[in-house]
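Secondary and tertiary structure notes
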Amino acid sequence: GAVVSQHPSRVICKSGTSVKIECRSLDFQATTMFWYRQFPKQSLMLMATSNEGSKATYEQGVEKDKFLINHASLTLSTLTVTSAHPEDSSFYICSASEQGAWYQPQHFGDGTRLSIL
Amino acid sequence: SQQGEEDPQALSIQEGENATMNCSYKTSINNLQWYRQNSGRGLVHLILIRSNEREKHSGRLRVTLDTSKKSSSLLITASRAADTASYFCATDTKGGSEKLVFGKGTKVTVNP
């Protein structure tokens, strides 16, 4: 089945550090990938839609300069949390659809636990 | 506000019992999906039901959809300890923005 790989699985770093998270579709091409943030015991909140070869679409309230998204190939999207602060600590998850459509079943990465000290 | 709201928030049952959880939503939809999330992991797609479908089965899973009540239910029959996870419904919005909106989830604990 379709696999989405996300790295790293866990990051612990100091405040002010920039952190890059990678999301790869291993056996299918993904023109669109989605980045979510999940707080403990809460639901997923969509942060942005990553589009291959074009700018990402950010949800209201998400700072595009804070959360940089690059989707340079059909199998890789990256999320960079710039100058991270403790309030950015969270669980970040990416997803992509094998069928390419946002309303089709999504395949999720295993998430990245980000802890900013 | 959340499009999908699951009920109950948490459910604890014994192995072999059935687990039922509900999802309510507010706007017209094209599809409704259910996902499972094991602790600290990503989500796994379970089943998709279209707005013109009323019931769908996949193995031990049974999903119903009532568009008149804007609600869906997920039934897990003959539960196993491995079914312990959080379950989320996700909806799109007919004619709305191109994104899925996830509910808050139901945490299911199956005791051996």
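Predicted, not measured: the structure shown is a model, and the values here were computed from it.

1. Details of the interface of chain B and chain A
- Listed per partner, the contact involves 20 residues of chain B and 20 residues of chain A.
- Both sides of the chain B and chain A interface together cover about 1600 Å² of buried area, and 55% of this is carbon and sulfur.
- When residues of chain B are sorted by the area they lose upon contact with chain A, B:L43, B:K99 and B:F102 head the list and together hold 27% of the total.
- Our enumeration of links across chain B and chain A arrives at two salt bridges.

2. Points about the pattern of salt bridges
- All told, the structure shown has seven salt bridges over all chains when counted by the stated rule.
- Its salt-bridge partner being A:E22, residue A:R24 comes within 3.4 Å of it at the nearest N-O pair.
- Since its relative accessible area comes to 33%, A:R24 is described here as partly exposed.
- Classification of A:E22 by relative accessible area gives partly exposed; the value is 26%.
- When the shortest N-O distance is used, the salt bridge between B:D83 and B:R60 registers 2.9 Å. Taken together, the positions of B:D83 in the loop between β8 (71-76) and β9 (85-91) and B:R60 in the loop between β6 (55-58) and β7 (61-66) put the pair 23 residues apart, joining distant regions of the chain.
- Note on B:D83: relative accessible area 8%, which makes it buried.

3. So, the confidence of the model for chain B
- On average, residues of chain B carry a pLDDT of 91, and 94% of them reach 70 or more.
- When mean pLDDT is taken per element in chain B, β7(B) scores highest with 98 and strand β1 (residues 5-7) of chain B scores lowest with 78.

4. As for the sheet that holds strand β3 (residues 19-25) of chain A
Residue and element names in this part refer to chain A.
- The antiparallel open sheet is built from four strands, whose spatial order is β1-β3-β8-β7. The sheet terminates laterally at β1 (4-7) and β7 (67-73), the two strands that pair on one side only. Averaged over all pairs of adjacent strands, the angle between strand axes in this sheet comes to 15°, irrespective of strand direction.

5. Comments concerning the state of the cysteines
Residues and elements named next belong to chain A.
- Enumeration according to the criterion identifies two disulfides over all chains in this entry.
- A sulfur-sulfur separation of 2.0 Å characterises the disulfide bridge that pairs C23 with C94. On the sign convention where negative is left-handed, the bridge of C23 and C94, at about 85° about the S-S bond, is right-handed. Linking C23 in strand β3 with C94 in strand β9 (residues 90-96), this pair joins segments that are 71 residues apart in sequence. For the residue pair C23 and C94, the accessibility class agrees, reading buried in each case.

6. Considering the pairing of β9(B)
Residue and element names in this part refer to chain B.
- Across the seven residues of β9, seven count as buried, placing the element largely inside the fold.
- Both faces of β9 are covered, namely the face carrying A85, Y87, C89 and T91 and the face carrying S86, F88 and A90.
- Relative to β9, strand β4 (residues 31-37) is paired through six bridges, and the arrangement is antiparallel. Considered in β9, the bridge of Y35 is made with F88.
- Where β9 meets strand β11 (residues 106-111), three bridges bridge the pair, whose relative direction is antiparallel. Residue pairing across strands places Y87 opposite T106, the latter belonging to β11.
- Pairing of β9 with strand β10 (residues 101-102), which is carried by two bridges, proceeds in the antiparallel orientation. Bridging from a neighbouring strand, T91 pairs with V101 of β10.

Calculation rules
- Residues numbered from 1 in each chain as written.
- Chains lettered and ligands numbered in written order.
- Predicted model: local features only at pLDDT ≥ 70, side-chain atom pairs only at ≥ 80, totals over all residues.
- Heavy atoms only, no water.
- Contact = heavy atoms within 4.5 Å.
- Buried area = accessible area lost by both parts, 1.4 Å probe.
- Salt bridge = Lys/Arg side-chain N within 4 Å of Asp/Glu carboxyl O.
- Buried < 20%, exposed > 50% of the residue type's maximum accessible area, 1.4 Å probe, protein only.
- Helix = DSSP H or I, 4+ residues; strand = E, 2+ residues; numbered from the N terminus.
- pLDDT = per-residue confidence, 0-100.
- Pairing = 2+ DSSP bridges.
- Axes fitted to C-alpha atoms, helices over the stretch in contact; angles between N-to-C directions.
- Disulfide = S-S within 2.5 Å.

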